[in-house]
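Observations on the model geometry
Listed below are the residues making up each chain.
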Amino acid sequence: MSSQVNLQNVNLRMSAGEIRQFPSDPIPQIALSGRSNVGKSSLINCLLGRKSLARVSSAPGKTITVNFYELDRKLFLVDLPGYGFAKRSREDQIKWSTLTDGFFTKNPNIDRLCAVAQLVDSRVGLTQDDADMVNYLNQANIPYFVIVTKVDKLNATERKKNLEAIASHPALAAGTRVIPFSALKGEGRDEVLRVIGGLTGLNIR
């Protein structure tokens, strides 16, 4: 029987700017990956029913930390630093690469990583940066699913065309789950929580 997760009991456990700060609690992890400004903070706030637990930055790419959101002491949602922000300095790019790579290669509980939620902006589609990330996950045999954000900003024709283009992108493994999502309208929230629950063996709602 799956364990019930109380979404009233959530907190930002750690904003880790260094690999050594990653928490080592033996609980499942779901990582969130995506471009700067793809909507990871809005997704987290929507999933957890909070308005500002995850800070939505007006300056994408400003903060380079790995943020561990703890759900009822049973699950970590791990917000990886956004990539693809053109104005980032060379020093910041190195820090991003070191932290993100460290999460996958030096994470004390990498065996607890159940999957990566790869976020893609519905208006932009899979960028080369997104494809590079997905290719890495494919090569490392890390399970993933795709959340297509900001679908409320598309009309019906654009939505159908863009979703089909994302779902059929050659970088994605065959059968990859693709979930349309709108933080503004809450569309896709229940499906994302069901998928996370299925991957972790937890009951989240």
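Here's what I pulled together on the structure shown here.

Cut-offs and rules
Residues numbered from 1 in each chain as written. Predicted model: local features only at pLDDT ≥ 70, side-chain atom pairs only at ≥ 80, totals over all residues. Heavy atoms only, no water. Pairing = 2+ DSSP bridges. Helix = DSSP H or I, 4+ residues; strand = E, 2+ residues; numbered from the N terminus. Axes fitted to C-alpha atoms, helices over the stretch in contact; angles between N-to-C directions. Contact = heavy atoms within 4.5 Å. Buried < 20%, exposed > 50% of the residue type's maximum accessible area, 1.4 Å probe, protein only. Right-handed = clockwise from strand over helix to strand, strands pointing away. Polar contact = N/O pair within 3.5 Å; in protein donor to acceptor, adjacent residues only side chain to side chain. Expected span 1.5 Å × (residues − 1).

Here's the deal with the sheet that holds strand β5 (residues 75–79)
- Strand order across the open sheet formed by seven strands is β2-β4-β5-β3-β6-β7-β8, with mixed pairing between neighbours. Edge positions in the open sheet fall to β2 (10–16) and β8 (178–180), since each of these has one partner strand only. Sheet twist, expressed as the mean angle between neighbouring strand axes with direction ignored, is 25 degrees.
- With five bridges joining them, strand β4 (residues 66–71) and β5 adopt antiparallel strand pairing. Bridge pairing links Tyr69 to Leu77 in β5.
- The strands touched by helix α5 (residues 189–200) within the sheet are β3 (29–33), β5, β6 (113–121), β7 (144–149) and β8, with β7 carrying the most contacts at an inclination of about 170 degrees.

Concerning the pairing of β7
- Counting buried residues in β7 gives six out of six residues, a clear majority hidden from the surface.
- Residues Tyr144, Val146 and Val148 point to one face of β7 and Phe145, Ile147 and Thr149 to the other, with burial holding for every one of them.
- Relative to β7, β6 runs parallel, the two being bridged by six bridges. Of the residues in β7, the one forming a bridge with Val120 is Val148.
- One crossover worth recording links β7 to the parallel β8 by way of helix α4 (residues 156–167), and it is right-handed.

Here's the deal with the environment of Thr200
- With respect to the helices and strands, Thr200 occurs in helix α5.
- Among the residues examined, Thr200 registers a relative accessible area of 14% and is labelled buried.
- Placed 85 residues apart in sequence, Thr200 and Ala115 show a C-alpha to C-alpha distance of 8.8 Å.
- If sequence neighbours within four positions are ignored, Thr200 has contacts with Pro28, Ile30, Leu75 and Cys114.
- In this structure the side chain of Thr200 is engaged in a polar contact, spanning 2.8 Å, whose partner is the backbone oxygen of Ile196.
- For Thr200, the side chain forms a polar contact with the main-chain nitrogen of Leu202, separated by 3.4 Å.

Here's the deal with α5
- The terminal C-alpha atoms of α5 lie 17 Å apart, and with twelve residues this matches the ideal 16 Å at 1.5 Å per residue to within 8%.
- Three or more residues of α5 are buried, namely Val192, Leu193, Val195, Ile196, Gly197 and Thr200.
- Among the residues trailing α5, Gly201 stands out with phi positive, at a value near 75 degrees.

Thoughts on unusual backbone geometry
- The phi torsion at Asn37 lies on the positive side, around 70 degrees, for a residue other than glycine.
- Along the chain, Asn37 falls in the loop between β3 and α1 (40–48).

So, the environment of Gly198
- By secondary structure assignment, the location of Gly198 is in helix α5.
- For Gly198, a relative accessible area of 64% gives the class exposed.

Topic: the pairing of β3
- The element β3 is largely enclosed, with a buried count of five among its five residues.
- Where β3 and β5 come together, four bridges link them in parallel fashion. Along β5, the bridge assignment pairs Gln29 with Phe76.
- Bridge count between β3 and β6: five bridges; the pairing is parallel. In the strand pairing of β6, Ala31 is matched with Val116.

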